[in-house]
Amino acid sequence: MSVAALFPRPAEVEASTPPERDRAIDVIRIAALVGVVVGHTVMATSTVRDDVFIWSNLLTASPVFQALTWLFQIMPLFFFAGVAASVQSWTPGTSWGNWLMRRCTRLYRPVFYYLGFWGVTLAVLRLVLPVHVYEPVAGISVQLLWFLGAYVLVLAAVPILARITSTGRFVAAAAATYGLIAVVDLIRINATQWSTLGYLNLTVWLIPGMFGVAYRRGLLSPRAALGVGAAMFAVNVALMTWGPYELSLVGLETQQLKNMSPPSLLLAGHAIMMCALAIAAAPAIARWARRPRVWWLTVIGNSGAMTLYLWHLPALLAMHLGFDYLGYPRFDPGAANFVALSVLQVLVMAVLVTAAFVLLRPLESNPLPLWDGGFVAGPGLRSAAVGLLLCTAGAATLASVGWGLKDEGLFCVAAMLLALVAARALADERPD
């Protein structure tokens, strides 16, 4: 089957795009996800020693790689783009549960298939792999779902974020959230018995949402945003140089104070910087997206964004295990064949991810029986219950990544599925 038969032509995509479409947001969203896939591919390292699977990354090898996370930690941009794209669809006084259900329907649709795949795959791998190879694979299997859980919780807050209607409100909301994170860090750093308080800093993911609202409503000009981004970069450098924060914005086992889990003040500042620079660059990005081929790739990529995000991890794990068992582990940056292996693995991943995207993208777009079609007619107890159940599913999704599909992680995934089933069962009203 030709590519033309699988995807619409650039001219068709252009013709079907509304004139008012904000192309910059679509470019930013898919660029963030592609950056995640490329980053994981380049940074991941592994080896199997004495029937033990060691999964690591290049961040442990050099401060240079850790410094690069200040460029390539771009997940805040997906939250920014997601809220910017969805805030206008919220209408005060309507059903919050229905609004959130519509978004979760699309987000979780490929997750059901993904979990089904891992359920079958891990059942087989448990029979054929040594226990200390199987356990890390099971632990990594749903690691990427942290983003989905956090994103659902941010979407649930959109009705509140939508109240940001002036520059003053935007500055106050962002400053208050940043200040809260600073206070939490101050407490947890100086009183170790309060370390779990750090998970309040998950509010960091609301900051990109605030910037998304500000962008959509023109509350921050590109020139002002450039100044905010530059100032926040300087603040982050100062925090890292003279404060307790470490260089890598991606969590490492060797870090005394992680920046990612739970989020730190340094990550909050990074989110502000990235979103501000995205607003500053948005006019140029929008002009670039006017090119037919660029816009075609953007639309096609966004039509399977969750497919790209979810399924690159099984491909990455399969490739690493294959290379490890064939005797060509990519683990030691000082090895003579490291560069050649790196290039080869990037090429292999390009083929695997492309194939997964082409084959599995329909699972994201086609309605899923018994899942699609939920509806809540208006505000009220039913709407609130559906919304709260979806928030519970998001929280359980977020919690599951601490263990993966094993141990307590299985209970978290079960709680997520039960909450989703209950939400869908409640959302059974019919439109008038």
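Okay, so let's go over this structure.

Thresholds, definitions, all that
- Residues numbered from 1 in each chain as written.
- Predicted model: local features only at pLDDT ≥ 70, side-chain atom pairs only at ≥ 80, totals over all residues.
- Heavy atoms only, no water.
- Pairing = 2+ DSSP bridges.
- Helix = DSSP H or I, 4+ residues; strand = E, 2+ residues; numbered from the N terminus.
- Core = buried A, V, L, I, M, F, W, Y, C linked by side-chain atoms within 4.5 Å.
- Buried < 20%, exposed > 50% of the residue type's maximum accessible area, 1.4 Å probe, protein only.
- Contact = heavy atoms within 4.5 Å.
- Polar contact = N/O pair within 3.5 Å; in protein donor to acceptor, adjacent residues only side chain to side chain.
- Axes fitted to C-alpha atoms, helices over the stretch in contact; angles between N-to-C directions.
- Parallel < 35°, antiparallel > 145°, perpendicular 65-115°, else oblique.
- Left-handed = near helix turned anticlockwise from the far one by under 90°.
- Nonpolar A, V, L, I, M, F, W, Y, C, P; charged D, E, K, R; others polar.
- Phe/Tyr/Trp six-rings, centres within 6.5 Å; stacked < 30°, edge-to-face > 60°.
- Patch = residues over 30% accessible without salt bridge, like charges linked within 9 Å, V, L, I, M, F, W, Y side chains within 5 Å.
- Areas by Shrake-Rupley, 256 points an atom, 1.4 Å probe, with all protein chains shown as cover.
- Salt bridge = Lys/Arg side-chain N within 4 Å of Asp/Glu carboxyl O.
- Disulfide = S-S within 2.5 Å.
- Expected span 1.5 Å × (residues − 1).
- Bend = angle between axes of the 7 residues up to and from the residue.

### Section: the pairing of strand 1 (residues 44-49)
Turning to step 1, where the next piece is worked out: With 6 bridges joining them, strand 1 and strand 2 (residues 52-57) adopt antiparallel strand pairing. Bridge pairing in strand 2 links Thr45 to Ser56.
Turning to step 2, where the next piece is worked out: Hairpin connection, strand 1 to strand 2: the antiparallel pair is bridged by 2 residues, and Asp50 has positive phi, about 50°.

### Considering the nonpolar core
Turning to step 1, where the next piece is worked out: Ranked by size, the top nonpolar core spans 131 residues in total, and within it Tyr108, Trp146 and Phe211 carry the most contacts.
Turning to step 2, where the next piece is worked out: Not counting residues up to four positions away in its chain, the partners in contact with Tyr108 are Leu148, Val152, Trp371, Ala393, Gly394, Thr397, Met416 and Leu420.

### Some words on the side chain of Asp372
Turning to step 1, where the next piece is worked out: Assignment of secondary structure puts Asp372 in the loop between helix 16 (338-365) and helix 17 (381-400).
Turning to step 2, where the next piece is worked out: Residue Asp372 is classed as buried on the basis of its relative accessible area, which comes to 18%.
Turning to step 3, where the next piece is worked out: Reaching out from Asp372, the side chain makes a polar contact with the backbone nitrogen of Leu368 at a distance of 2.7 Å.
Turning to step 4, where the next piece is worked out: Each residue touching Asp372, except ones within four places of it in the same chain, is listed here: Thr105, Arg109, Pro367 and Arg424.

### Points about the packing of helix 5 (residues 75-86) against helix 13 (residues 265-288)
Turning to step 1, where the next piece is worked out: The N-to-C vectors of helix 5 and helix 13 enclose an angle of 55°; their axes lie 9 Å apart at closest approach. Considering their axes alone, helix 5 and helix 13 lie oblique with respect to each other. Between helix 5 and helix 13 lies a crossing of right-handed hand. Residues Pro76, Leu77 and Phe80 of helix 5 pack against His270, Ala271, Met274, Cys275, Ala278 and Ile279 of helix 13.
Turning to step 2, where the next piece is worked out: Considering only residue class, the contact of helix 5 with helix 13 consists of 8 nonpolar, 1 polar and no charged.

### Things to note about the environment of Met274
Turning to step 1, where the next piece is worked out: One can find Met274 in helix 13.
Turning to step 2, where the next piece is worked out: Leave out the neighbours within four places in its chain, and Met274 touches Trp70, Leu71, Gln73, Ile74 and Leu77.

### Here's the deal with the packing of aromatic side chains
Turning to step 1, where the next piece is worked out: Per the counting criterion, the structure on display carries 20 aromatic pairs.
Turning to step 2, where the next piece is worked out: Ring geometry for Phe79 against Phe147: centres 5.6 Å apart, planes inclined by 80°, an arrangement best described as edge-to-face. Taken as a pair, Phe79 in helix 5 and Phe147 in helix 8 (residues 145-156) lie far apart in primary sequence, 68 residues in all. Across this residue pair, the class does not change: Phe79 and Phe147 are buried.
Turning to step 3, where the next piece is worked out: Taken together, the ring pairs in this structure connect Phe78, Phe79, Trp146, Phe147, Tyr151, Trp205 and Tyr309 into an aromatic cluster.

### What about unusual backbone geometry?
Turning to step 1, where the next piece is worked out: Cis rather than trans, the peptide bond between Ser261 and Pro262 has omega equal to 0°.
Turning to step 2, where the next piece is worked out: Even without a glycine there, the phi angle at Asp50 is positive, about 50°.
Turning to step 3, where the next piece is worked out: Among the secondary structure elements, Asp50 is positioned in the loop between strand 1 and strand 2.
Turning to step 4, where the next piece is worked out: The class for Asp50 is exposed, based on a relative accessible area of 78%.
Turning to step 5, where the next piece is worked out: The phi dihedral of Asp51 falls on the positive side, at around 60°, and the residue is not glycine.
Turning to step 6, where the next piece is worked out: Tracing the backbone shows Asp51 in the loop between strand 1 and strand 2.

### Quick notes on a nonpolar patch on the surface
Turning to step 1, where the next piece is worked out: Together, Val34, Val38, Val42 and Val346 line one region of the surface with nonpolar side chains, adding up to about 280 Å² of accessible area.
Turning to step 2, where the next piece is worked out: Of all the elements, helix 3 (residues 23-43) adds the most residues to the nonpolar patch, at 3 residues.
Turning to step 3, where the next piece is worked out: Note on placement: Val34 falls in helix 3.

### Some thoughts on the state of the cysteines
Turning to step 1, where the next piece is worked out: Tallied over the entire structure, the rule returns 0 disulfides.
Turning to step 2, where the next piece is worked out: In this model Cys412 remains outside any disulfide bridge; the closest cysteine sulfur is found in Cys391, 16 Å from its own.
Turning to step 3, where the next piece is worked out: Classification of Cys412 as buried rests on a relative accessible area of 14%.

### So, helix 7 (residues 131-140)
Turning to step 1, where the next piece is worked out: Among the residues of helix 7, those classed as buried are Val133, Tyr134, Val137, Ala138, Gly139 and Ile140.
Turning to step 2, where the next piece is worked out: Summarising the contacts, the buried residues of helix 7 are in contact with strand 1, strand 2, helix 6 (96-128) and helix 15 (305-325).

### Structural notes on the pattern of salt bridges
Think of it this way: side chains of opposite charge can pair up when their charged atoms draw near.
Turning to step 1, where the next piece is worked out: According to the stated counting rule, one finds 11 salt bridges in the structure shown.
Turning to step 2, where the next piece is worked out: A salt bridge links Glu12 to Arg9; its shortest N-O distance comes to 3.3 Å.
Turning to step 3, where the next piece is worked out: Measuring nitrogen to oxygen at the nearest pair gives 3.5 Å for the salt bridge that ties Glu364 to Arg106. With a gap of 258 residues between them, Glu364 in helix 16 and Arg106 in helix 6 connect regions that are remote in the sequence.
Turning to step 4, where the next piece is worked out: Assessed through its relative accessible area of 33%, Arg106 is described here as partly exposed.
Turning to step 5, where the next piece is worked out: In the salt-bridge network here, residues are joined through shared partners; they are Arg21, Asp26 and Arg29.

### Quick word on helix 16
Turning to step 1, where the next piece is worked out: Given a rise of 1.5 Å per residue, 28 residues ought to cover 40 Å, and the 39 Å separating the end C-alpha atoms of helix 16 matches this to within 8%.
Turning to step 2, where the next piece is worked out: In the structure, helix 16 departs most strongly from a straight axis at Leu359, where the bend amounts to approximately 40° and where the proline Pro362 lies between one and four residues downstream.

### Here we look at the environment of Arg106
Turning to step 1, where the next piece is worked out: Spatially, the C-alpha atoms of Arg106 and Glu364 are 7.0 Å apart, while their sequence positions differ by 258 residues.
Turning to step 2, where the next piece is worked out: The residues contacting Arg106, other than those within four sequence positions of it, are Asn302, Ser303, Glu364 and Ser365.
Turning to step 3, where the next piece is worked out: Separated by 3.1 Å, the side chain of Arg106 and the backbone oxygen of Ser303 make a polar contact.
Turning to step 4, where the next piece is worked out: A polar atom in the side chain of Arg106 sits 3.3 Å from the backbone oxygen of Glu364.

### Considerations on the packing of helix 12 (residues 222-242) against helix 13
Turning to step 1, where the next piece is worked out: Put simply, helix 12 and helix 13 touch, their axes get as near as 8 Å, and they point 155° apart. As summarised for this structure, helix 12 and helix 13 are arranged roughly antiparallel, according to the angle between their axes. The chirality of how helix 12 crosses helix 13 is left-handed. Contacts between helix 12 and helix 13 pair Pro222, Ala225, Leu226, Val228, Gly229, Met232, Phe233, Asn236, Leu239 and Met240 from the former with Leu265, Leu266, Gly269, His270, Ile272, Met273, Ala276, Leu277, Ile279, Ala280 and Pro283 from the latter.
Turning to step 2, where the next piece is worked out: Here the residues of the contact of helix 12 with helix 13 are counted per class, giving 17 nonpolar, 4 polar and no charged.

By themselves, these figures tell us nothing about what the structure is for.
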